[in-house]
Amino acid sequence: MSSQALVEIRDVNFAYDSRPILKGVNLTFPKGKVIAVMGGSGCGKTTLLQLIGGALRPSSGYVKVDGQVIHELDHKGLYLMRRRMGMLFQFGALFTDMSVYDNVAFQMREHTDLPEEIIRDLVLMKLNAVGLRGSHHLMPAELSGGMARRVALARTVALDPMLIMYDEPFAGLDPISLTVVGNLIRRLNDALGATSVVVTHDVQESLKIVDYIYFIADGVVVAEGTPAEISSSDKPFVHQFVHGEMDGPVPFHYPCGDYWQDLNLRPWR
Amino acid sequence: MTIVEHLRSLGHRIVNAVWRIGYTSRFFLLILLYSGISFRRFHLTIKELFSSGVMSLIIILVAGLFVGMVLGLQGYETLKRYGAESALGSLVALSLVRELGPVLAALLFASRAGSAMTAEIGLMKATEQISAMEMMAINPIARVVAPRFWAGVISVPLLSALFSAMGVFGGYVVGVVLIGVDQGSFWSQMQAGVDFQHDIVNGIIKSFVFGVAVTAIALFEGYDAPPTAEGVSGATTRTVVESSLTILFLDFILTAFMFQGE
Ligand SMILES: Nc1ncnc2c1ncn2[C@@H]1O[C@H](COP(=O)(O)OP(=O)(O)O)[C@@H](O)[C@H]1O
Ligand SMILES: [Mg+2]
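Procedures and definitions
- The residue numbering used here restarts from 1 in each chain and proceeds along that chain's sequence as written.
- Lettering for chains starts from A, numbering for ligands starts from 1, and both go in the order in which the items are written.
- Local features are withheld for residues below a pLDDT of 70 in this predicted model, meaning they are given only at 70 or higher, and side-chain atom pairs are given and counted only at 80 or more; totals for whole chains, interfaces and linings count all residues.
- As a rule here, side-chain values cover all heavy atoms of the structure and leave hydrogens and water aside.
- Numbering of helices and strands runs from the N terminus, with a helix taken as a DSSP run of H or I at least four residues long and a strand as a DSSP run of E at least two residues long.
- Burial status follows relative accessibility: with a 1.4 Å probe on protein chains alone, a residue under 20% of its type maximum counts as buried, one over 50% as exposed, and anything between as partly exposed.
- Pairs of residues are marked as contacts when any of their non-hydrogen atoms sit within 4.5 Å.
- We compute the radius of gyration from the C-alpha atoms alone; for a globule the expected value is 2.2 Å times N to the 0.38, where N is the number of residues.
- Two strands make a pair as long as DSSP finds a minimum of two bridges between them.
- Lines are fitted to the C-alpha atoms to define the axes, a helix being fitted only along its stretch in contact, and any angle between axes, read from their N-to-C directions, falls within 0 to 180 degrees.
- The pairing test for Phe, Tyr and Trp rings, Trp by its six-membered ring, is centres within 6.5 Å, and the orientation test on the planes gives stacked under 30 degrees, edge-to-face over 60, and tilted for anything in between.
- We count a charge as sitting over a ring when the NZ of a lysine or the CZ of an arginine lies within 6 Å of the ring centre and within 35 degrees of the ring normal.
- Nearness is defined per residue: one heavy atom within 4 Å of the molecule or strand is enough.
- Pairing of N or O atoms within 3.5 Å defines a polar contact, subject to two protein rules: one partner must be a possible hydrogen donor and the other a possible acceptor, and residues neighboring in sequence count only if both atoms are side-chain atoms.
- Per-residue accessibility takes into account occlusion by the displayed protein chains alone, with areas from the Shrake-Rupley method and a 1.4 Å probe.
- Note on residue categories: nonpolar means Ala, Val, Leu, Ile, Met, Phe, Trp, Tyr, Cys or Pro, charged means Asp, Glu, Lys or Arg, and polar means any other residue, Gly included.
- With the strands pointing away from the viewer, any crossover whose connection runs clockwise from the first strand over the helix to the second is right-handed.
- Each patch groups residues whose relative accessible area exceeds 30% and which form no salt bridge, using 9 Å between like charges and 5 Å between nonpolar side chains of Val, Leu, Ile, Met, Phe, Trp and Tyr.
- By salt bridge we mean one thing: a side-chain nitrogen of Lys or Arg within 4 Å of a carboxyl oxygen of Asp or Glu.
- An expected span of 1.5 Å times one less than the residue number is assigned to each helix.
- Any angle between 65 and 115 degrees counts as roughly perpendicular, while under 35 counts as roughly parallel, over 145 as roughly antiparallel, and the rest as oblique.
- Left-handed describes a crossing whose near helix is turned anticlockwise from the far helix through less than a right angle; right-handed describes the clockwise counterpart.

### A few points about the overall build of chain B
Helices and strands together make up the secondary structure of chain B, namely 10 helices and zero strands. Listing each helix as α and each strand as β along chain B from the N terminus yields α-α-α-α-α-α-α-α-α-α. Seen through its C-alpha atoms, chain B measures out along the principal axes to roughly 65 × 55 × 30 Å. Classification of the 262 residues of chain B by burial places 45% in the buried group. If you take every contact in chain B between residues at least 6 apart in sequence, the share linking residues at least 24 apart comes to 84%.

Here it is as structure tokens:
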């Protein structure tokens, strides 16, 4: 991994109430790269993105973005920082009372004084980049899942952010939309000169588009490496995850007592 | 043992209620603090005025008409016993302007527009639209909540005025057109009986206070709703119940101050 880091996550601990979610994770996202953070559902991937975006505060350790410690910023500083970030939410989070056009134009209107003609051109360019220029008049309810995700993508990059965060961008997409979204993530990152973080559990798609991968399990980083290193890894966890095996270090069963007891049977011998 | 448990759950409820009052007050102050853009970009407030105020017009006008007609009938029945039918105009107008207009319009507003505000904001939260806005460095209280608040605060007094006007018309239709009370005395009694300062201004103050209360409750409940289907539906119900009770309670307090039985 080369060049400076845009995001540094150092020894970050985080707990909801008293339940620890992250237990001292260290990640580094270098400028210009697309990084994947993988792990099973509920392992704290969304939480990690919220820590980067400053929606949550680590109980110890720090997250540094572009040299600034996020949880030390005041309200104004945080908002200035967020203007340079884009976040694609897990379910798109399009504004349902606005058309596709207004969704993409939203941040431009809120944060800039650009005249409406220029906003119009910019919006159509962003929509064109995701292949949906023709859909600008539709309402979010009229879009298919894959289209909604792409519109959300266009909205996320509306102000050309330096850091783009994707929360499960592949969840619930058909194979074609999946490839389309995957390619868009890579192309947008390179075209904007941005840095992207893709939080996902879709291994195969991510291996194709990312530069580096972190695996999180039980609140710690259990493996990391380039796609080539990950594909050929023989660590049991990575192997189970990459090949989607049912049992392994991550057990199939939620912790439970003896089966025969739950069924009120006598012990089997 | 059970007594201890009862005491504990009682204490828990009280502490919870105090917390909620604190949260509501803080939320209310934040709305006021971030109200700038509701006026600088007044078109945001106008959009909400349309969806809460204008869309409540029909129910307000129809309800006002019927309430006025009932007042006309009942008032005539009672006044007739004392031979004071000619006072019907002032009875109808005073009841409406002082009490029924502000109270009923606010109650109807709470169930028509307040519940919709709660559901809308609750759903925006459940579908992460509010979080998305925050991540875009846009303050959702300033952008989403405050315009709705001011729209409510502006709408309720206007709706109460329309309610009262419609009610007076309904009373006129029943009293004068159908029953045959003298038209001249109906209007002149009304003119003489209603004092601008004492009745109309106080009525406007009431409906303004109700507007603030109903809208603040509706917005808080929506903003505070757990992001689930039950969460939003529960919040919508609470909006209607809490704002109705608050309106009636505040009405008593305000009436006691305004018309101290003189
Ligand atoms: N607001 C919350 N309060 C308490 N626990 C939460 C909250 N949000 C998430 N969690 C828990 O934290 C864990 C990590 O959540 P999350 O980061 O959303 O996981 P994922 O990796 O699936 O995105 C989950 O087990 C979830 O139940
Ligand atoms: Mg998640």
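Next comes the rest of the account.
### Some remarks on the overall build of chain A
For chain A, the helix and strand inventory stands at 10 helices and 10 strands. What you see for chain A is a C-alpha radius of gyration of 20 Å, in line with the 18 Å of a compact globule of 269 residues. The buried share of chain A, taken over its 269 residues, is 48%. Intrachain contacts of chain A at a sequence separation of at least 6 include 63% that bridge at least 24 residues.

### Some remarks on the sheet that holds strand S6 (residues 85–88) of chain A
Residue and element names in this part refer to chain A. If you trace the six strands from one edge of the open sheet to the other, you get S6-S7-S8-S3-S9-S10, paired in mixed fashion. With one partner strand each, in any of the chains shown, S6 and strand S10 (220–225) form the two edges of the open sheet. The average angle at which neighbouring strand axes cross in this sheet is 15°, direction not considered. Sheet topology note: the S6/strand S7 (residues 163–167) ladder contains four bridges and is parallel. Paired with Leu88 across the strands is Tyr166, a residue of S7. Here helix H1 (residues 45–53) sits on the sheet and contacts strand S3 (34–38), S6, S7, strand S8 (195–200) and strand S9 (212–217); the angle it forms with S7, its principal contact strand, is near 155°.

### Considering the packing of aromatic side chains
Within the structure shown, the criterion is met by 14 aromatic pairs over all chains. On the numbers, 5.3 Å between centres and 40° between planes, the contact of Phe27(B) with Tyr223(B) is tilted. Of the two residues, Phe27(B) sits in helix H1 (residues 2–33) while Tyr223(B) sits in helix H9 (residues 196–224), which places them 196 residues apart along the sequence. A single burial state applies to Phe27(B) and to Tyr223(B), both of which are buried. Here the aromatic rings of Phe186(B) and Trp187(B) are separated by 5.1 Å at their centres, their planes lie at 90°, and the arrangement is edge-to-face. One aromatic cluster is present, formed by Phe28(B), Phe39(B), Phe42(B), Phe149(B) and Trp150(B) through successive ring pairs. Between Arg155(A) and the ring centre of Phe95(A), over which it is positioned, the NZ or CZ distance is 4.6 Å.

### Examining the site of ligand 1
Residue and element names in this part refer to chain A. Neighbouring residues of ligand 1: Tyr16, Arg19, Ile21, Gly40, Ser41, Gly42, Cys43, Gly44, Lys45, Thr46 and Thr47. In this structure, an oxygen atom belonging to ligand 1 sits 2.7 Å away from a side-chain N or O atom of Arg19. Between Thr47 and ligand 1, the recorded distance is 2.5 Å, taken from a side-chain N or O atom to an oxygen atom. In the complex, 61% of the free accessible area of ligand 1, which totals 570 Å², lies under the protein chains. Counting only elements with at least two residues in the shell around ligand 1, the list comes to strand S2 (19–30) and H1. For the shell around ligand 1, the element with the highest residue contribution is H1, accounting for three residues. Here the residues of the shell around ligand 1 sort into three nonpolar, six polar and two charged.

### As for the sheet that holds strand S4 (residues 60–65) of chain A
Residues and elements named next belong to chain A. If you trace the four strands from one edge of the open sheet to the other, you get S2-S1-S4-S5, paired in antiparallel fashion. Because the sheet does not close on itself, it has two edges, and the strands there are S2 and strand S5 (68–69). Note that strand S1 (residues 5–16) and S4 share five bridges and pair antiparallel. When the sheet's bridge partners are listed, Asn13 is paired in S4 with Ser60. Where H1 meets the sheet, its contacts fall on S1, S2 and S4, and the angle it forms with S1 comes to roughly 120°.

### Quick word on the side chain of Asp199(B)
All names here are of chain B. Mapped onto the fold, Asp199 is located in helix H9. For Asp199, a relative accessible area of 2% translates into the label buried. Of the polar contacts made by the side chain of Asp199, one reaches the backbone nitrogen of Asp195; its length is 2.7 Å. At a separation of 3.4 Å, a polar atom in the side chain of Asp199 contacts the side chain of His198. If we ignore the near neighbours within four places in the chain, the residues touching Asp199 are Leu94, Val97, Arg98, Gly193, Val194 and Phe259.

### A closer look at the pairing of S7(A)
Residues and elements named next belong to chain A. With five of its five residues buried, S7 lies for the most part within the structure. Residues Leu163, Met165 and Asp167 point to one face of S7 and Ile164 and Tyr166 to the other, with burial holding for every one of them. Handedness of the crossover joining S7 and S8 through helix H6 (residues 175–192) is recorded here as right-handed.

### Overview of a nonpolar patch on the surface
Residue and element names in this part refer to chain B. Nonpolar side chains collect at one region of the surface, where Ile3, Leu7, Leu10, Ile14 and Val18 lie side by side and expose about 520 Å² of accessible area between them. Turning to its location among the elements, Ile3 is positioned in helix H1. Judged by relative accessible area, which is 62%, Ile3 ranks as exposed.

### Brief notes about the pattern of salt bridges
Residues and elements named next belong to chain B. For the structure shown, the criterion picks out 21 salt bridges over all chains. For Glu120, the salt bridge goes to Arg148, with nearest N and O atoms at 3.0 Å. One end of the pair, Glu120, is in helix H5 (residues 88–126); the other, Arg148, is in helix H7 (residues 140–179), with 28 residues separating them in the sequence. You can call Glu120 partly exposed: its relative accessible area is 31%.

### Side note on helix H4 (residues 57–81) of chain B
Residue and element names in this part refer to chain B. Over its 25 residues, H4 extends 36 Å from the first C-alpha to the last, a length consistent with the 36 Å expected when each residue adds 1.5 Å. Taken residue by residue, H4 has Ile60, Ala63, Gly64, Gly68, Leu71, Gly72, Gly75, Tyr76 and Leu79 as its buried positions. Downstream of H4 by one or two residues, Gly83 has phi in the positive range, about 65°.

### Let's talk about the packing of helix H3 (residues 42–53) of chain B against H7(B)
The relative placement of two packed helices is expressed as an angle between their axes plus a distance between the axes. Residues and elements named next belong to chain B. Put simply, H3 and H7 touch, their axes get as near as 8 Å, and they point 55° apart. Considering the angle they form, H3 stands oblique to H7. Crossing geometry of H3 relative to H7 is assigned as right-handed. For the pair H3 and H7, the contacting residues are Phe42, Leu44, Thr45, Glu48, Leu49, Ser52 and Gly53 in the first and Arg143, Pro147, Arg148, Trp150, Ala151, Ile154, Ser155 and Leu159 in the second.

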